[in-house]
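# Survey of secondary and tertiary structure
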Amino acid sequence: MYMTESGWKQVDSNVKEDIFHFAEGYKAFLDIGKTERLACGEAKRLAEINGFSDLESKESLKAGDKVYVVNRDKSILLAVIGEEDVQKGVRFVIAHNDCPRIDIKQHPVYDDSGLAMLKTHYYGGIKKYQWTAVPLALHGVVVKKDGTKVQIDIGDKPGDPVFYISDLLIHLASDQMQKKATEVINGEALNIIIGSIPAECAEKDTEKDAVLSMLEAEFGICEEDFLSAELEAVPAMQARDMGLDRGMIVAYGHDDRVCGYTALSALFETEAPKKTAVCVLTDKEEIGSMGSTGMRSAFFEYAMALLIEKTTGTYNELMLKRTFHNSKCLSADVNGGVDPNYPEVNDKLNAAYIGRGLVITKYTGSRGKSGTSDADAEFVAEVRNCFDEAGVLWQAAELGKVDAGGGGTIAQYVANLDVDVLDCGVALLSMHAPMEAASKLDIYMAYKGYKAFFAMK
Ligand code: MN
Ligand code: MN
């Protein structure tokens, strides 16, 4: 089912109906899961509806059991226990649920020129100029000194106010327009307007005072509480159908919730597989997978050790190493689709096209495969066969021309654990922009592909 033309020509009206139906669930997930914490919470909620329970609360596990482990409310590992011993190998599909965004600094609030502002530090690789002059929502948590956690979500509910990073008017931008795109907007100029009406109290009469007293009245938080907060500004826009034919979805966060949601949906439909099936939604991929919630964290090994201990009643290091040695993984992450406005960045023979199905990428990296995990030909052949047998429409591609740039995924970190890994995901347009675009057919084929992989013998 390798595609060198539009996948839409290969599907009948029943499949088309399934494709459009699947897209509705995905759009709802995107609108709820705008941050890694919100996406993790929604994944857990959906998992519980689908019969999954907390792994740590289980004494032991048997074939067919469905469990999850949440890591610090930001990443989640879910498993359906297989008929075979875990040590015979696991089928992993690993996606990430963090997305490029604008984080709020620790000392954020100030006022200037009649406006109350928030200082920010952007997260992940963005074209900074794309994030100005668009409505923004704020999501996250503020943890007070006594440990109380205050959830903040402003800007995505109907009727909510939104926030905004201003850009220079074109009339006064003659100097700015001469700058390189990387310098058009300075990182320290990504300050968010949060208010404009000064306070009324005699001693505290600024716009900043007004904002702080509103935060205190509504959420019970004070200025110092920003020190232990994780607040994220994201586009205050909903996922929308795109095109007269509604064949695509424009949304914030396709990278990588498109692979996360499809992998989750695939796992939810996986009943008593031969091999244990594991889906991970990891965090911090956009900044190098570092930290306790990233893919380089020992959390992954901890959760797998728990699975071994609870399925066999015992545990040692060799059992964990044997499990990884026999396992196979799809690193479920997005690729760049050929953009008709910028054909020059791709080798057309080895590029991903919108609407031609799920993309497999044997190696990523940049400039001479630097920093890549290059999947073995043997494993690629196995996945090809698996997809073809399941009627999955798919294509094979690299990300861009050899010297054009490149990028990495979590593949290398999982491969380092002695697991066979292949990058495999959905092609996007405008990756890392506030609103990215993806084809509904490709999204559906990702779900079908991951489902077939979970069932692979
Ligand atoms: Mn990604
Ligand atoms: Mn990315």
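In this text, all values refer to a predicted model and were calculated from it rather than measured experimentally.

## Observations concerning the coordination of the manganese ion (ligand 1)
A metal bound by six donors in octahedral fashion has ideal angles of 90 or 180 degrees, whereas one bound by four tetrahedral donors has an ideal angle of 109.5 degrees. All of the protein donors around the manganese ion (ligand 1) are His-96 (NE2), Asp-255 (OD), Asp-333 (OD) and Asp-333 (OD); their distances to the metal are 2.1 to 2.6 Å. In the primary structure, the donors to the manganese ion (ligand 1) are separated according to the pattern H-x158-D-x77-D. For the pair the manganese ion (ligand 1) and the manganese ion (ligand 2), the metal-to-metal distance amounts to 3.3 Å, and Asp-255 bridges them. With His-96 in strand β4 (residues 90-96) and Asp-255 in helix α5 (residues 254-268), this residue pair connects regions lying 159 residues apart in the sequence. The same class applies to His-96 and to Asp-255, which are both buried.

## Points about the sheet that holds strand β12 (residues 248-251)
Across the sheet, which stays open at both edges, the five strands sit in the order β11-β12-β22-β21-β15 with mixed pairing between neighbours. Strands with a single pairing partner mark the edges of an open sheet, and in this sheet they are β11 (240-242) and β15 (335-336). Relative to β12, β11 runs antiparallel, the two sharing three bridges. Each residue of the ladder has a partner; that of Met-242, found in β12, is Met-248. On the sheet, α5 packs against β12, β21 (427-429) and β22 (436-439) and is oriented at approximately 30 degrees with respect to β22.

## Some points on the packing of aromatic side chains
Each aromatic ring pair is summarised here by two numbers: the centre-to-centre distance and the angle between the ring planes. For the structure on display, the rule yields 14 aromatic pairs. A centroid spacing of 5.5 Å and a plane angle of 55 degrees characterise the contact between Phe-22 and Tyr-261, whose relative ring orientation is tilted. Of the two residues, Phe-22 is situated in helix α1 (residues 13-32) and Tyr-261 in helix α5; the sequence distance between them amounts to 239 residues. Judged by centre distance (5.6 Å) and plane angle (35 degrees), the rings of Tyr-26 and Tyr-261 are tilted. Of the two residues, Tyr-26 sits in helix α1 while Tyr-261 sits in helix α5, which places them 235 residues apart along the sequence. The residues Tyr-26 and Tyr-261 share a single accessibility class, namely buried. Grouped by ring-pair contacts, the aromatic residues Phe-22, Tyr-26, Phe-29, Tyr-261, Tyr-444 and Tyr-447 constitute a single cluster. Over the face of the ring belonging to Tyr-123 we find Arg-101, whose NZ or CZ atom lies 3.6 Å from the ring centre. We note Lys-369 situated over the ring of Tyr-363; from NZ or CZ to the ring centre the distance is 3.7 Å.

## Section: the layout of surface pockets
To find the voids left in a structure, one rolls a probe of water-molecule size over its atoms. As a volume, the largest pocket reaches approximately 1,200 Å³. The wall of the largest pocket is formed by 38 residues, among which Gly-336, Val-345, Leu-399, Ser-430 and Met-431 lie closest to the centre. The leading source of residues in the lining of the largest pocket is strand β20 (residues 420-425), at three residues. When grouped by side-chain class, the residues that make up the lining of the largest pocket number twelve nonpolar, 18 polar and eight charged. Two domains each provide a minimum of three residues to the lining of the largest pocket, namely domain 1 (7-99 + 252-454) and domain 2 (101-235). Each pocket or cavity is described by its volume, and for the second largest pocket that value is around 430 Å³. Lining the second largest pocket are 19 residues; nearest its centre among them are Ile-154, Pro-161, Phe-163, Ile-194 and Met-214.

## Brief notes about the side chain of Asp-255
Of the buried charged residues, Asp-255 lacks a salt bridge, with Arg-257 as the closest side chain of opposite charge at 8.9 Å. At 2.9 Å, the side chain of Asp-255 and the side chain of His-432 are in polar contact. Beyond its immediate sequence surroundings of up to four residues, Asp-255 is in contact with His-96, Asp-98, Cys-99, Pro-100, Glu-286, Asp-333, Val-334, Leu-428, Met-431, His-432 and Glu-436.

## Regarding the sheet that holds strand β14 (residues 328-331)
Hydrogen bonds along the backbone pair up the strands of a sheet, which may run parallel or antiparallel. Here we have nine strands laid out as an open sheet, ordered β1-β2-β3-β13-β4-β14-β20-β16-β18, and mixed in their pairing. Whereas interior strands pair on both sides, the edge strands pair on one side only; in this sheet they are β1 (53-54) and β18 (394-396). Pairing of strand β3 (residues 75-80) with strand β13 (residues 276-282) involves five bridges; the strand directions are antiparallel. By the bridge assignment, Ile-76 is partnered in β13 with Leu-281. In the packing of helix α8 (residues 377-389) onto the sheet, contacts are made with β14, β16 (358-361), β18 and β20, and the angle to β20 comes to roughly 45 degrees.

Thresholds, definitions, all that
Residues numbered from 1 in each chain as written. Chains lettered and ligands numbered in written order. Predicted model: local features only at pLDDT ≥ 70, side-chain atom pairs only at ≥ 80, totals over all residues. Heavy atoms only, no water. Donors = N, O, S within 2.8 Å, 3.2 Å for Na, K, Ca; no water. Helix = DSSP H or I, 4+ residues; strand = E, 2+ residues; numbered from the N terminus. Buried < 20%, exposed > 50% of the residue type's maximum accessible area, 1.4 Å probe, protein only. Pairing = 2+ DSSP bridges. Contact = heavy atoms within 4.5 Å. Axes fitted to C-alpha atoms, helices over the stretch in contact; angles between N-to-C directions. Phe/Tyr/Trp six-rings, centres within 6.5 Å; stacked < 30°, edge-to-face > 60°. Lys NZ or Arg CZ within 6 Å of the ring centre and 35° of its normal. 1 Å grid on protein atoms, 1.4 Å probe; cavity = no way out; pocket = protein on both sides within 12 Å on 5 of 7 lines; lining within 4 Å. Points joined across faces, edges and corners; volume = space filled by probe spheres on them. Nonpolar A, V, L, I, M, F, W, Y, C, P; charged D, E, K, R; others polar. Domains from an automatic or database assignment. Lys, Arg positive; Asp, Glu negative; His and termini not counted. Salt bridge = Lys/Arg side-chain N within 4 Å of Asp/Glu carboxyl O. Polar contact = N/O pair within 3.5 Å; in protein donor to acceptor, adjacent residues only side chain to side chain.

Any functional reading would require information that these geometric values do not contain.
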